[in-house]
Amino acid sequence: SVNTKAEATAEPAEPEQPAGLEKVEEEEKPNRFEVKLGSGGEIGGSFDDKTDLLVLLVQEIKADGKLARWNSANPSKAIQRLDRLVSVAGKTGKNSVLVEAIQNASVSLDLVFERSIETTLELEKVKGQELGLDVRYTPSGIGLMVENVFAGPVQDWNVANSDAMVKAHDRITQVDDVAADPAKMVQKLQQNSKLKLTVLRMK
């Protein structure tokens, strides 16, 4: 089974040391880049600040706003959906700190984003076996946040792929063909014996 929590209300606890079959594909390594937004106007985007209180992911970039204007002027450093915001005006920490810094900015904004490594896992559960995941989500958020990994196919993956382990705070962004509905993603995890997971691995 898959243990789930809907609607994050408290800071996620650190997991026990995870230990989970065959690496399919992944990008090379996290890419961190700086963004400087001018003063005036709306930032023109939204962030998922509820699924994981320690990981702030870009959820939407609107067509008209500071983020879109930055992307147009800086295509080599264009901000993308699912990029992680790690610093605002030199401030780091919980999502609430970053969001408050954005809201209180009266002049230009210095932001640091990180593009997380994406890994695809193909897993199979035998009859009666648990997948070995605790996850949490919000209905309107991005995917499923990994809270803990325990005995099962995911832990087997970790043992076989020490350089691409699935850990707490990683984000499952797609389960088989489902990406936009976290509740349906959980159903897939619970019901399907063969699974293909797309996971953003946080640094």
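Residues numbered from 1 in each chain as written. Predicted model: local features only at pLDDT ≥ 70, side-chain atom pairs only at ≥ 80, totals over all residues. Heavy atoms only, no water.

Section: the sheet that holds strand E4 (residues 45-48)
So the rule is basically this: Pairing between strands is defined by DSSP: at least two bridges between the two strands are required. Secondary structure elements follow DSSP: runs of H or I no shorter than four residues count as helices, runs of E no shorter than two count as strands, and numbering proceeds from the N terminus. Axes, fitted as lines to C-alpha atoms, cover a helix only where it is in contact. Angles between the N-to-C directions of the axes lie from 0 to 180 degrees.
Strands sit in the order E3-E7-E6-E5-E4 across an open sheet of five strands; the sheet is antiparallel. Looking along the sheet, the strands with just one partner apiece sit at the ends: strand E3 (31-37) and E4. Between one strand axis and the next, the sheet turns through 40° on average, direction left out of account. As paired strands, strand E5 (residues 56-61) and strand E6 (residues 84-88) are joined by two bridges and run antiparallel to one another. Each bridged residue has a counterpart across the sheet, and for Leu57 the counterpart in E6 is Arg84.

Structural notes on the pattern of salt bridges
Let me state the cut-off plainly: Within this document, salt bridges are pairs made up of a side-chain nitrogen of Lys or Arg and a carboxyl oxygen of Asp or Glu, the two lying within 4 Å of each other. Exposure is judged per residue with a 1.4 Å probe applied to protein chains only, and the accessible area is read against the type maximum: over 50% gives exposed, under 20% gives buried, and values in between give partly exposed.
Inspection of every chain in the model, using the stated rule, returns eight salt bridges. Taking the shortest distance from any N to any O, the salt bridge between Asp177 and Lys188 comes out at 3.4 Å. Highlighted residues: Asp177 in the loop between strand E11 (171-175) and helix H4 (182-191) and Lys188 in helix H4, separated in sequence by eleven residues. Judged by its relative accessible area of 23%, Lys188 falls in the partly exposed class.

Some points on the pairing of strand E7 (residues 109-115)
Burial runs high along E7: six of the seven residues are buried. As paired elements, E3 and E7 share seven bridges and run antiparallel to each other. Bridge assignment links Arg32 to a residue of E7, and that residue is Glu114. Here four bridges tie E6 to E7, and the two strands are oriented antiparallel to one another. Bridge pairing links Leu85 to Phe113 in E7.

Re the confidence of the model for the protein
Selection rule: pLDDT is defined as a per-residue confidence score from the predictor, taking values between 0 and 100. Any pair of residues with heavy atoms lying within 4.5 Å of one another is described as a contacting pair.
Of all residues in the protein, 85% attain a pLDDT of 70 or more, and the chain-wide mean is 86. Below pLDDT 50 for its whole length, residues 6-29 participates in 75 contacts with residues either more than four positions away or in separate chains.

Structural notes on the side chain of Arg115
We count it as follows: Any pair of nitrogen or oxygen atoms within 3.5 Å is treated as a polar contact; in protein, a donor-acceptor pairing is required on top of that, and neighbouring residues in sequence qualify only through side-chain atoms on both sides.
Take Arg115: it is sitting in strand E7. Within the structure, the side chain of Arg115 is placed 2.7 Å from the side chain of Asp83, a separation counted as a polar contact.

Regarding the nonpolar core
Rules: Only buried residues count toward a nonpolar core, which is a set of Ala, Val, Leu, Ile, Met, Phe, Trp, Tyr and Cys residues joined through side-chain atoms within 4.5 Å.
Counting 22 residues, the largest nonpolar core has Leu133, Leu144, Ile172 and Leu197 as its most contacted members. When residues of this core are traced back to their parent elements, those giving at least two are strand E8 (117-124), strand E9 (133-137), strand E10 (144-149), helix H3 (153-160), E11, H4 and strand E12 (194-201). Among residues more than four places away in sequence, those in contact with Leu144 are Val135, Arg136, Tyr137, Asp170, Arg171, Ile172, Pro182, Met185, Val186 and Leu189. Grouped together as the second largest cluster of nonpolar side chains are 18 residues, Val58, Leu67, Leu98 and Leu111 included.

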